[in-house]
Amino acid sequence: MCGIVGYVGTQTATEILLSGLEKLEYRGYDSAGVATIWEDEVNCVRAKGKLSNLRSKLEHLQSPAQIGIGHTRWATHGKPEEYNAHPHMDTAMRIAVAVNGIIENYSKLREELKQQGYQFRSDTDVEVIPHLIAQFLKEEIAFGQSNSDSVFLEAVRKAVNELQGAFAIAIISADYPDELIVVRQQAPIVIGFGQGEFFCASDTPAIISHTKAVLPLENGELARLTPLGVEVYNFAGQRLKKHPRLLSLNPMMVEKQGFKHFMLKEIYEQPGVVRACLEAYFNTDWHPGNSSRSPINIGLASEFYADIEQIHIVACGTSWHAALIGKYLLEQLAQIPTQVHYASEFRYAPSPLTPNTLTIGVTQSGETADTLAALAMEQERRQGREPKYQARLLGITNRPESSLGYMVSHMINTLAGIEIGVAATKTFIAQLMAFYALALDLAYSRQTLPLENLEDILKGLRQIPKEMEATLESQEKLTEQLAHEFAETQDFIFLGRGINFPIALEGALKLKEISYIHAEGYPAGEMKHGPIALLDAKVPVVAIAVPGSVYEKVISNAQEAKARDSRLIGVTPVKDGEAAEIFNDLVPVSFVDELLSPILTVVPLQLLAYHIAARRGLDVDQPRNLAKSVTVE
Ligand code: M6R
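Residues numbered from 1 in each chain as written. Predicted model: local features only at pLDDT ≥ 70, side-chain atom pairs only at ≥ 80, totals over all residues. Heavy atoms only, no water.

(A) Helix α1 (residues 13–24), seen in detail. The end-to-end C-alpha distance of α1, which contains 12 residues, comes to 16 Å, matching closely the 16 Å that a straight helix rising 1.5 Å per residue would cover. For α1, the set of buried residues is Ala13, Thr14, Ile16, Leu17, Leu18, Gly20, Leu21 and Leu24. The inward-facing, buried residues of α1 abut β1 (3–8), β2 (31–38), α2 (51–58), β4 (67–73) and β10 (198–201). (Helix = DSSP H or I, 4+ residues; strand = E, 2+ residues; numbered from the N terminus. Expected span 1.5 Å × (residues − 1). Buried < 20%, exposed > 50% of the residue type's maximum accessible area, 1.4 Å probe, protein only. Contact = heavy atoms within 4.5 Å.)

(B) Focus on the site of the ligand. Around the ligand, the structure places 14 residues, and the nearest of them are Ser319, Thr363, Ser365, Thr368 and Glu513. Here an oxygen atom of the ligand sits 3.0 Å away from a polar atom, N or O, in the main chain of Thr318. At 2.8 Å from an oxygen atom of the ligand is found a main-chain nitrogen or oxygen belonging to Gln364. In isolation the ligand exposes 410 Å². Once the protein is present, 92% of that is buried. Comparing atom positions with the cavity grids shows the ligand to sit within the largest pocket. Elements represented by at least two residues in the shell around the ligand include exactly α9 (317–334) and α15 (501–515). (Near = heavy atom within 4 Å. Polar contact = N/O pair within 3.5 Å; in protein donor to acceptor, adjacent residues only side chain to side chain. Areas by Shrake-Rupley, 256 points an atom, 1.4 Å probe, with all protein chains shown as cover. 1 Å grid on protein atoms, 1.4 Å probe; cavity = no way out; pocket = protein on both sides within 12 Å on 5 of 7 lines; lining within 4 Å. Sits in = over half its atoms within 2 Å of the grid points.)

(C) Fine view of empty space enclosed by the protein. By the definition in use, this model includes four cavities of 30 Å³ or more. Of the pockets and cavities examined, the largest cavity occupies roughly 280 Å³. Looking at the lining of the largest cavity residue by residue, the classes come out as eight nonpolar, seven polar and nine charged. When residues of the lining of the largest cavity are assigned to domains, at least three map to each of domain 1 (3–248) and domain 2 (259–449). Computed from the structure, the second largest cavity encloses a volume of approximately 60 Å³. Cys2, Arg73, Trp74, Thr76, His77, His86, Val99, Gly101, Thr124, Asp125 and Val126 are the residues that line the second largest cavity. (Points joined across faces, edges and corners; volume = space filled by probe spheres on them. Nonpolar A, V, L, I, M, F, W, Y, C, P; charged D, E, K, R; others polar. Domains from an automatic or database assignment.)

(D) Looking closely at the domain arrangement of the protein chain. The assigned domain composition of the protein chain is domain 1 (3–248), domain 2 (259–449) and domain 3 (465–621). Spacing between the C-alpha centres of domain 1 and domain 3 amounts to 45 Å.

(E) Inspection of the side chain of Thr601 at higher detail. The topology assignment puts Thr601 in helix α18 (residues 598–615). Not counting chain neighbours up to four residues away, the residues in contact with Thr601 comprise Asn500, Ile503, Ile544, Val546, Val571 and Val589.

(F) Summary view of the UniProt feature "domain: SIS" (unreviewed entry) in the protein chain. As annotated in UniProt, the feature "domain: SIS" (unreviewed entry) corresponds to residues 300–448 and 482–623 in the numbering used here. This span, residues 300–448, is 44% helix and 19% strand, and a straight line between its end C-alpha atoms measures 18 Å. Counted over residues 482–623, helix gives 39% and strand 18%. Its end C-alpha atoms are 21 Å apart. (UniProt positions renumbered as here; feature names shortened; annotations may be inferred.)

(G) Broad picture of the nonpolar core. One finds Phe282, Ile360, Phe435, Leu438, Leu440, Leu461 and Phe492 to be the most contacted residues of the largest nonpolar core, which totals 97 residues. A total of 15 residues in this core trace back to one element, the largest contributor, which is helix α13 (residues 426–446). Dropping the residues within four chain positions of it, Leu438 is found in contact with Ile298, Leu300, Tyr305, Leu330, Ile360, Leu394 and Ile412. Counting residues in hydrophobic clusters, the runner-up holds 33 residues, among them Ile103, Ile129, Val183 and Phe235. (Core = buried A, V, L, I, M, F, W, Y, C linked by side-chain atoms within 4.5 Å.)

(H) View of the packing of α13 against α18. In the contact formed by α13 and α18, the axes pass within 10 Å of each other and the chain directions differ by 170°. As judged from the angle between their axes, α13 and α18 are roughly antiparallel. Of the residues in α18, those touching α13 at Phe428, Ile429, Leu432, Met433 and Tyr436 are Pro598, Ile599 and Val602. For the contact of α13 with α18, the class distribution of residues is eight nonpolar, no polar and no charged. (Axes fitted to C-alpha atoms, helices over the stretch in contact; angles between N-to-C directions. Parallel < 35°, antiparallel > 145°, perpendicular 65-115°, else oblique.)

(I) Quick look at the environment of Pro87. One can find Pro87 in the loop between β4 and β5 (88–89). Taking the C-alpha atoms as reference, Pro87 lies 9.5 Å from Pro130; in sequence the two are 43 residues apart. Once residues lying within four places of it in the same chain are set aside, the contact partners of Pro87 are Gly33, Val34, Ala35, Cys44, Arg46, Ile69, Ala96 and Val97.

(J) How the structure looks around the pattern of salt bridges. In this structure the tally under the stated criterion is 31 salt bridges. Its salt-bridge partner being Lys265, residue Glu269 comes within 3.3 Å of it at the nearest N-O pair. By relative accessible area, which is 24% here, Glu269 ends up partly exposed. Judged by relative accessible area, Lys265 falls into the buried class, the value being 2%. Overlapping salt bridges bring together Glu15, Glu22 and Arg55 as one network. (Salt bridge = Lys/Arg side-chain N within 4 Å of Asp/Glu carboxyl O.)

(K) Looking closely at the sheet that holds β10. Spatial strand order, β3-β2-β4-β1-β10-β9-β11-β15: eight strands in an open sheet with antiparallel pairing. With one partner strand each, in any of the chains shown, β3 (41–48) and β15 (245–246) form the two edges of the open sheet. Looking at chain direction, strand β9 (residues 190–193) and β10 are connected through four bridges and run antiparallel. When the bridges of β10 are listed, Gly192 appears paired with Phe199. (Pairing = 2+ DSSP bridges.)

(L) Up close: the environment of Ala98. Its place among the elements puts Ala98 in strand β6 (residues 95–103). Along the backbone, Ala98 and Ile171 are 73 residues apart, and their C-alpha atoms lie at a distance of 6.6 Å. Excluding residues that lie within four positions of it along the chain, Ala98 makes contacts with Ile4, Ile69, Gly70, His71, His86, Ala168, Ile169 and Ala170.

Listed below in structure tokens is the structure:
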């Protein structure tokens, strides 16, 4: 949450900062600001609301500054008003600071600084930082031991040692006009290396059009960027040796490529994502007669799997829904008892320690604070225990270079490519693919599934991209028409059972987060225990009815809803018989095995949510109050 970008070099900074912020707007869009150094002063311009407001404000200011920082905010402490927008400055207006994160001990620091005469102009937690730096700078200049070249760096280092919390910071000062200082403690920040110019950003899309050579800072590190180069230090002040690496990201990946919204583009990329996962995770030449090795190739050695008695999965939001499908697969295919936890709950009420437990963190961004904290807690509480209690951590992420990547020793990279729309779509599909691969690999190594069944599942998975393309083609118009009818509806219910229950939850989440329509997902059989009281002619019900173990049950639960006058929308491969009779609207999906059906049934629900939100004229890619990666608790 919140995006930071910084630049020092030989080009005009403002446009580089603004175009970088455009690529980071998915992280927050409550307000934005830039600060540059020009004619011995910090020029700070901020605006409430979207980046376009800031752009308009900057239009008349032709600043030739060659150093600056920018910020796009998702409000935590303090309303989304201009006076709370970053960058924040010290009392003398010489230091500007842009922060992503939270300063937990801010109120004590704020009181101390106020007593010393520092003037606060915002309600934010992070405003303590420029004042603290100013205070250390004063001390450094008066009594400091450090060489005069390092005064600013040293003051920043001392200031960050006072801070508690999770943060990434970019700092400039009019008194040190060639230095951009960047800090990382539990929130992401990456440095980009150009020729005679250097960048920093919360995420690589912000700098990919300038450079592919990057260095992600690690926790407890700070760096000084000048036109002459980059120096990295730890918080104790020791210089570290670091080498940039090359990104494989292509600037085209972060463009809309003709689609009206990133979300629609990302929905249409899903067949390609499944293909990429199939290619990476599954050995094509495997068959039951040639079964001395696993058909799955996710880089997890059999020792990692040995003796697993239980699995805990921690995740949030859409990743939590993927984890619920993961639980179904791990229990039904690999016969391993599995629990799925909201990461934010698990942190404060962890399950009792059990031996030989595998803990999986699922997070597309790899930066979700709750998920990272739950994993860290799991690691910590198992440390020093006998071997069978020690932490075995696995991460499932779309961003292997993220904080999660540093934390876990084993990882499945979900290969969805960068996702910009705040509503997760293709990364959800990729997470499902990772769970199919993991569950099948475990089933193979524990011999819980006959090889012929394993082969059938693999064959079915290989058909998915084609079937998904067909589904997308047939549903585009249909879901658009439904959106036309339901754009003004106030409440929606989504029903599913078994492996499609999490899809009902995901359908409801997609609709509420981008269209602001109230929606709930339920296991279809639970309706009669209370929620059925909500139903009447104004509340449409979307039922996911896939032939298999619970088809007839879902159909009768749908009948119960129809008997209460609800309009019924069926997401089903069955076009005749009872389904044709009871559903008012049929949204056909291709017929695949029930076990694989969630990969297809989610697609019309994504499209329905998209078209409803687009028809309501809403900002599909940047829905209100949300941010793509939630790096605060
Ligand atoms: O990056 P993560 O997968 O950890 O993010 C978790 C949730 O914040 C995320 O899935 C959120 O619910 C999305 N807006 C869903 O579309």
